[in-house]
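These are the residues of each chain, in order.
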Amino acid sequence: MIDFRYHLVSIVAIFLALALGIVLGSTTLSDSVSETLRQQANAAAKTAQQARNQQRHLQDQVNGQEQFAQALSPQIVTDRLKGQSLVLVETPGAGDDSIERVGELAKDAGAAVTGRVTVQKKFLDDDQRTTVDELAAQLKPDGVEFPGNASAYDKAGAVLAAAIVTKDPAKSGREDASGGAVLNAFKQAGYITESGKPGQHATLAVMIGPATPYAYDGGGDDNKALISLAAALDGAGRGTVVGGPPTSAQEGGLIAALRDSDAEDAVSAVDVVDTASGQVVTILALQNEMSGKSGQYGTGAGASGYLPSPAPTAGKNG
């Protein structure tokens, strides 16, 4: 007869065997999982290193191309803007390096740079719209007409454009009293600052857009105000190009807004102006503008290509 002690020993033996099986099984499973995780981690580390190597390789290529473009830029643009003059317009948030380099390259192309007009953030403030409208009406020079549906910034753009650009070769390089009065009034109002002599009436204009899109309430209206100025400069002179970095062609960017406006057909834009090659494209776009050809260039949405195609012939400036 089986006694209680036998049952107890049997039960203990069963639990010991079960416990031993769990320990042995979990150890084997743990080793298997750990090995799998180690293999996955090693593979991920290898992939990450390959990506870093590829990134360095691509960056080296970009740096080499940028050095190549910088070295050859003066030769590429020689005489393309010969006999012309250029005024630079800087918008709130624009990168200073780009505008400086475009100015220097324009000189290499044979153009004289009259000066720079820097638009201040105050000019774009909503609470200034009535004052901007009144100031533009007060300063409107002879020969400038405001359409019946013109906004405050359409009017201000027309007045400022008349003060700094011209189609008339005889007026180019000369300052006049009305243009000086406009610039002084806009400076006193805190709407612009200036350097050089932008009142000497350039034949061409380059506007550099902000590096960071105006992604805030009212940013769309601010872009419209700057587009009004760009369109007015284009209409009053021989051509205008709006330049900016790739971010300017993204949602909320000035070039994106320009390409979505009626001004797209008249005002050229380059969304890679922060690169040496993009600055060359800006000069080529100005050359095309003098021949009545506008275009959208760069790598962003709405660009027709990286540069004008076919590229304008060197020495031919319309």
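Only a predicted model underlies this, so the values are computations on that prediction, with no experimental measurement involved.

### Structural notes on the sheet that holds strand E1 (residues 85–90)
Here comes step 1: If you walk across this open sheet you meet the seven strands as E3-E2-E1-E4-E5-E6-E7, and the pairing is mixed. The strands lining the two open edges of the sheet, one partner per strand, are strand E3 (192–196) and strand E7 (296–297).
Here comes step 2: Its contacts with the sheet put helix H6 (residues 219–236) on E1, strand E2 (112–119), strand E4 (204–208) and strand E5 (239–243), and the angle it makes with E5 is roughly 150°.
Here comes step 3: In the packing of helix H8 (residues 276–290) onto the sheet, the strands contacted are E1, E4, E5, strand E6 (268–270) and E7, and the crossing angle to E5 comes to about 155°.

### Quick look at the layout of surface pockets
Here comes step 1: Computed from the structure, the largest pocket encloses a volume of approximately 450 Å³.
Here comes step 2: Lining the largest pocket are 22 residues, with Asp154, Lys224, Ile227, Ser228 and Ser261 positioned closest to its centre.
Here comes step 3: Put simply, the parts of the chain that give the lining of the largest pocket at least two residues each are helix H4 (152–164), H6 and helix H7 (254–259).
Here comes step 4: In terms of residue count, the dominant contributor to the lining of the largest pocket is H6 (eight residues).
Here comes step 5: Looking at the lining of the largest pocket, its residues break down into ten nonpolar, seven polar and five charged.
Here comes step 6: Within this model, the second largest pocket holds a volume of roughly 230 Å³.
Here comes step 7: Of all the secondary structure elements, the ones that give two or more residues to the lining of the second largest pocket are H4, helix H5 (177–188) and H6.
Here comes step 8: No other element matches the five residues that H4 contributes to the lining of the second largest pocket.
Here comes step 9: Along the lines of polarity and charge, the residues of the lining of the second largest pocket split into 13 nonpolar, five polar and two charged.

### Let's talk about the side chain of Asp222
Here comes step 1: Along the chain, the position of Asp222 falls in helix H6.
Here comes step 2: Of the polar contacts made by the side chain of Asp222, one reaches the side chain of Tyr216; its length is 2.6 Å.
Here comes step 3: Apart from the residues within four sequence positions on either side, Asp222 is in contact with Lys121, Leu124, Tyr214 and Tyr216.

### Quick look at the packing of helix H3 (residues 129–139) against H4
Here comes step 1: Running from N to C, H3 and H4 point in directions that differ by 40°, and their axes come no closer than 8 Å. When the interaxial angle is binned, H3 and H4 end up oblique. For H3 against H4, the interelement crossing comes out left-handed. Facing H3, whose interface residues are Arg129, Val132, Asp133, Ala136 and Leu139, H4 presents Ala152, Tyr153, Lys155, Ala156 and Val159.

### Notes on the packing of aromatic side chains
Here comes step 1: Under the counting rule described, the total for this entry stands at five aromatic pairs.
Here comes step 2: Pairing Phe123 with Tyr191 gives two aromatic rings, centres 5.7 Å apart and planes at 65°, and the pair type is edge-to-face. Of this pair, Phe123 sits in the loop between E2 and H3 while Tyr191 sits in the loop between H5 and E3, and the two are 68 residues apart along the sequence. The pair Phe123 / Tyr191 is uniform in exposure class, with both members buried.
Here comes step 3: Both rings, one in Tyr214 and one in Tyr216, keep their centres 5.6 Å apart while their planes meet at 40°; by these two values the pair is tilted.
Here comes step 4: Judged by relative accessible area, which is 8%, Tyr214 ranks as buried.
Here comes step 5: Given a relative accessible area of 36%, Tyr216 falls into the partly exposed group.
Here comes step 6: An aromatic cluster of at least three residues, connected via ring pairs, comprises Phe123, Tyr153, Phe186 and Tyr191.
Here comes step 7: We note Lys140 situated over the ring of Phe146; from NZ or CZ to the ring centre the distance is 5.9 Å.

Basis of the calculations
Residues numbered from 1 in each chain as written. Predicted model: local features only at pLDDT ≥ 70, side-chain atom pairs only at ≥ 80, totals over all residues. Heavy atoms only, no water. Pairing = 2+ DSSP bridges. Helix = DSSP H or I, 4+ residues; strand = E, 2+ residues; numbered from the N terminus. Contact = heavy atoms within 4.5 Å. Axes fitted to C-alpha atoms, helices over the stretch in contact; angles between N-to-C directions. 1 Å grid on protein atoms, 1.4 Å probe; cavity = no way out; pocket = protein on both sides within 12 Å on 5 of 7 lines; lining within 4 Å. Points joined across faces, edges and corners; volume = space filled by probe spheres on them. Nonpolar A, V, L, I, M, F, W, Y, C, P; charged D, E, K, R; others polar. Polar contact = N/O pair within 3.5 Å; in protein donor to acceptor, adjacent residues only side chain to side chain. Parallel < 35°, antiparallel > 145°, perpendicular 65-115°, else oblique. Left-handed = near helix turned anticlockwise from the far one by under 90°. Phe/Tyr/Trp six-rings, centres within 6.5 Å; stacked < 30°, edge-to-face > 60°. Buried < 20%, exposed > 50% of the residue type's maximum accessible area, 1.4 Å probe, protein only. Lys NZ or Arg CZ within 6 Å of the ring centre and 35° of its normal.

Just distances and angles here, no functional claims.
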